[in-house]
Amino acid sequence: MNTEKILNFIDGSYREGVNWFEKRNPCNNAVFAEVAEAGRDEVDAAVAAAKRALRGPWGKMTVHERAAILHRVADGITARFEEFLAAECRDTGKPRSLASHIDIPRGAANFKIFADLVKNVPTESFMLDTPDGAGAVNYALRRPKGVIGVICPWNLPLLLMTWKVGPALACGNTVVVKPSEETPSTAALLGEVMNEAGVPPGVYNVVHGFGPGSAGEFITSHADVNAVTFTGETGTGAAIMRAGAHLIRPVSLELGGKNPALVFADADLDKAIEGTMRSAFANCGQVCLGTERVYVQRPVFEEFLGRLKAGADGLVLGTPDDAAANMGPLVSREHQSKVLSYYAKACELGADVVTGGGVPGMPGDLAEGAWVQPTIWAGLDDDSAIMREEIFGPCCHVSPFDDEDEVIERANDTDYGLACSIWTENSSRAHRVAGQMDTGLVWVNSWFLRDLRTPFGGSKRSGIGREGGVHSLEFYTELSNVCVKL
Ligand code: NAD
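Computed from a predicted model, the values in this text were never measured in an experiment. Along every chain, residues carry numbers that run from 1 in the direction the sequence is written. Local features are withheld for residues below a pLDDT of 70 in this predicted model, meaning they are given only at 70 or higher, and side-chain atom pairs are given and counted only at 80 or more; totals for whole chains, interfaces and linings count all residues. In computing side-chain properties, one takes all heavy atoms of the structure into account and sets aside hydrogens as well as water.

Asks: Is there a simple way to think about the packing of aromatic side chains in this case?
Replies: The relative placement of two aromatic rings is captured by the distance of their centres and the angle of their planes. Planes of paired rings set the category: under 30 degrees apart is stacked, over 60 is edge-to-face and the rest tilted, where pairs are Phe, Tyr or Trp rings (Trp by its six-membered ring) whose centres lie within 6.5 Å. By the definition in use, this model includes 10 aromatic pairs. Seen in terms of ring centroids, Phe9 and Tyr14 are 4.9 Å apart; in terms of plane orientation they differ by 55°. Their pairing is tilted. An angle of 85° between the planes, with centres 5.2 Å apart, marks the rings of Trp447 and Phe448 as edge-to-face. Each member of the pair, Trp447 together with Phe448, is buried. Aromatic rings pair up to connect Phe9, Tyr14 and Tyr204 into one cluster. Partly exposed describes any residue whose relative accessible area lies between the buried limit of under 20% and the exposed limit of over 50%, with all areas from a 1.4 Å probe on protein chains only and scaled to the type maximum.

Asks: What's the story with a nonpolar patch on the surface in this structure? I'm lost.
Replies: On the surface, a nonpolar cluster with roughly 460 Å² of combined accessible area is contributed by Met127, Tyr139, Leu141, Val484 and Leu486. The topology assignment puts Leu141 in strand E7 (residues 136-144). On the basis of relative accessibility, which here comes to 36%, the residue Leu141 falls in the partly exposed class. Patches here: salt-bridge-free residues with over 30% relative accessible area, like charges joined within 9 Å, nonpolar side chains (Val, Leu, Ile, Met, Phe, Trp, Tyr) joined within 5 Å. To be clear on the numbers: accessible area is Shrake-Rupley with a 1.4 Å probe, and residue cover counts the displayed protein chains and nothing else. Take a side-chain nitrogen of Lys or Arg and a carboxyl oxygen of Asp or Glu: if they are within 4 Å of each other, that pair is a salt bridge. Note on conventions: DSSP H or I runs of at least 4 residues are helices, E runs of at least 2 residues are strands, and numbering of each starts at the N terminus.

Asks: Could you clarify how one ought to interpret the side chain of Ser180 in this entry?
Replies: Mapped onto the elements, Ser180 comes out in the loop between strand E9 (174-178) and helix H8 (185-197). Given the relative accessible area of 4%, Ser180 is considered buried. For this analysis, residues touch if any pair of their heavy atoms sits within 4.5 Å. Other than its neighbours up to four places away in sequence, Ser180 contacts Cys152, Pro153 and Trp154.

Asks: Explain the packing of helix H3 (residues 63-79) against H8 to me, please; I cannot follow it from the model alone.
Replies: Each pair of packed helices can be summarised by the angle the axes make with each other and by the distance between the axes. The geometry of H3 relative to H8 is characterised by a closest axis approach of 9 Å and an angle of 130° between their N-to-C directions. The orientation of H3 relative to H8 falls into the category oblique. Where H3 crosses over H8, the handedness of that crossing is right-handed. Contact residues: H3 offers Ile69, Arg72, Val73, Gly76 and Ile77, while H8 offers Leu190, Val193, Met194 and Ala197. Residues that form the contact of H3 with H8 fall into these classes: 7 nonpolar, 1 polar and 1 charged. Every axis corresponds to a line fitted to the C-alpha atoms, with the helix fit spanning only the stretch in contact, and the corresponding angles, defined between N-to-C directions, vary from 0 to 180 degrees. The labels follow the angle: roughly parallel below 35 degrees, roughly antiparallel above 145, roughly perpendicular from 65 to 115, and oblique for the rest. Note: crossing handedness is left-handed where the near helix turns anticlockwise from the far helix by less than a right angle, and right-handed where it turns clockwise. Classification used: nonpolar for Ala, Val, Leu, Ile, Met, Phe, Trp, Tyr, Cys and Pro, charged for Asp, Glu, Lys and Arg, polar for all others including Gly.

Asks: Looking at this model, I keep getting lost on helix H17 (residues 469-476). Mind explaining?
Replies: Side chains three or four residues apart in an α-helix point the same way, a direct result of the helix having 3.6 residues per turn. Within H17, burial applies to Gly469, Ser472, Leu473, Phe475 and Tyr476. One side of H17 holds all its buried residues, which, seen down the axis, span an arc of 160°. To obtain the arc, one takes the directions from the helix axis to the C-beta atoms.

Asks: What is the right way to look at the sheet that holds strand E5 (residues 31-37) in this model?
Replies: Strand pairing in a sheet takes place through backbone hydrogen bonds and is either antiparallel or parallel in direction. The strand order across the open sheet formed by 3 strands is E1-E5-E4, and the pairing between neighbours is mixed. At either margin of the open sheet sits one strand with a lone partner, and together these are strand E1 (4-6) and strand E4 (19-24). Geometrically, the sheet is characterised by an average inter-axis angle of 30° between neighbouring strands, direction not taken into account. Whether two strands pair comes down to DSSP finding at least two bridges between them.

Asks: When you look at the environment of Trp163 in this model, what are you seeing that I'm missing?
Replies: Following the sequence through the fold, Trp163 ends up in helix H7 (residues 157-170). For the pair formed by Trp163 and Glu467, sequence separation is 304 residues and the distance between their alpha carbons is 8.4 Å. Here Trp163 is in contact with Asn110, Phe114, Glu254, Arg450, Leu452, Phe456, Glu467 and Gly468, once residues within four sequence places are set aside.

Asks: Looking at this structure, I do not really get the sheet that holds strand E14 (residues 291-297). What am I missing?
Replies: Judged by pairing direction, the sheet is mixed, and its 7 strands sit side by side in the order E15-E16-E17-E14-E13-E19-E20 without closing on themselves. Sheet topology places strand E15 (352-355) and strand E20 (441-444) at the edges, where each strand pairs with a single neighbour. Across the sheet, the mean angle from the axis of one strand to that of its neighbour is 25°, orientation sign disregarded. Relative to strand E17 (residues 395-401), E14 runs parallel, the two sharing 5 bridges. By the bridge assignment, Tyr295 is partnered in E17 with Ser399. On the sheet, helix H15 (residues 404-412) packs against strand E13 (259-263), E14 and E17 and is oriented at approximately 150° with respect to E17.

Asks: Would you explain the pattern of salt bridges in this entry?
Replies: Any two side chains of opposite charge can pair, so long as their charged atoms come close to each other. Tallying each qualifying case throughout the model produces 33 salt bridges. Between Glu274 and Arg278 there is a salt bridge; the shortest N-O distance is 3.1 Å. Taken together, the residues span about one helical turn, with Glu274 and Arg278 both in helix H11 (residues 269-281) at a distance of 4 residues. Owing to a relative accessible area of 43%, Glu274 belongs among the partly exposed residues under this scheme. Since its relative accessible area comes to 33%, Arg278 is described here as partly exposed. A salt bridge links Arg432 to Glu404, with the shortest nitrogen-to-oxygen separation between them at 2.7 Å. Of the two residues, Arg432 is situated in helix H16 (residues 427-434) and Glu404 in helix H15; the sequence distance between them amounts to 28 residues. What emerges from the salt-bridge pattern is a single network uniting Arg80, Glu83, Glu192 and Glu196.

Asks: Would you explain the environment of Arg80 in this entry?
Replies: As for its position among the elements, Arg80 is in the loop between H3 and helix H4 (81-92). Looking at Arg80, the relative accessible area reads 14%, which means it is buried. Separated by 109 residues in the primary sequence, Arg80 and Leu189 place their C-alpha atoms 9.8 Å from one another. In this view, Arg80 contacts Leu189, Glu192, Val193 and Glu196; residues no more than four positions away in its chain are not counted.

Note that all results are geometric; they support no functional claim without further evidence.
See the structure below:
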């Protein structure tokens, strides 16, 4: 087979693994690469390299020196923008228009923002009175946690990986990254940029593979990994907590969601439709923050539903290079089967299929790809599986509501607590409702508007901990207090 090889990146150089697995193009299901699966030996080598690097030049650098290197990493990504863009689009099938203004630029920005942040964050200090009158001074130091295991999903591969690697490295840690088996390319390519930027060997390592019985489990159960940060499904998050429990190892978990949008009758419907179109369908619905439950106040329900349907019907499905396309396929045929099982379930439950609900007819070899139609349902009650379980596809259910208290209760009645959007032109209502939502993120008249200095994370089964801004430092550093008797 004449396919590209995607390798592990360990201690500054590329290495094969114990096995090869196929990487398929989601647009047509054709194999285009073979990926080197890391076995236990490769993971051990990566962790050992990361541990050694903590004691090498990386560990001795000043904050400013480290920050300067991370700026070069960001510039290196930008200099090779087209390569990163092509790799990300080929792995995921997402439109170039999306990846070129979200995935790749944000992936690069994550290095700069955290490099600049660590230079400017103070720590606390206290003067303590002592019986001899001389006193003592206490001050806190932020030290790196050590080797960080970084386990990543496939939906925004570079962006979500650097969201963790950026702050981890800025704080002086070293990392062993496992990208999703569906999206190995940009993490591997970043190894070249790390070398070019002068990141010492062992600071950034990438091992490819799967979860259980493979690289994912080997990292998360490794005794020399000091902390694990994970983004992915809630069930996987539970497995990762269990794997590190006996080691009392800190975990940061960014997990699934079943996010609501609340559209009040006083909303600017143009904005609410535009926002809900993005939150339900962007990235083919594969965004953890995406909206799968839309609650619309009854006086505007029919108008909203009609306009959302028109928007969904206007989406153009196509490959990354198709300039007219604004929606790609799902990431894999496996994920397509999962999403289609929910499409079938919605029908079995008696949903009103407002639009979509199946597989679109695609020409030529694209018929083999992981395509699904953008889909809107109505008519199901809040207890149905469609309203309770994360589907992670381009679909949403739209329900009417009558009053504010009712919609808050219904929106919060879920195991998840990641994000919500509130659409209203009444600012008192906006603040009142925002303060009652059981979610880590609340958007008012917007969606996915991110200030990287702000806390990001979910409540309930959507995660543990917050990343972003100084909150990332809480996870990526160990705070030690120095008490000096004067
Ligand atoms: P996933 O949980 O299937 O896989 C994520 C990663 O975990 C992959 O690299 C996988 O190989 C690895 N993995 C799987 N089992 C493992 C195990 N037992 N031990 C160690 N590693 C293991 O998630 P996915 O399908 O790649 O991503 C989609 C999910 O991610 C959705 O649920 C979505 O909501 C969630 N997500 C959450 C956020 C957030 O910020 N909260 C962001 C993006 C995606």
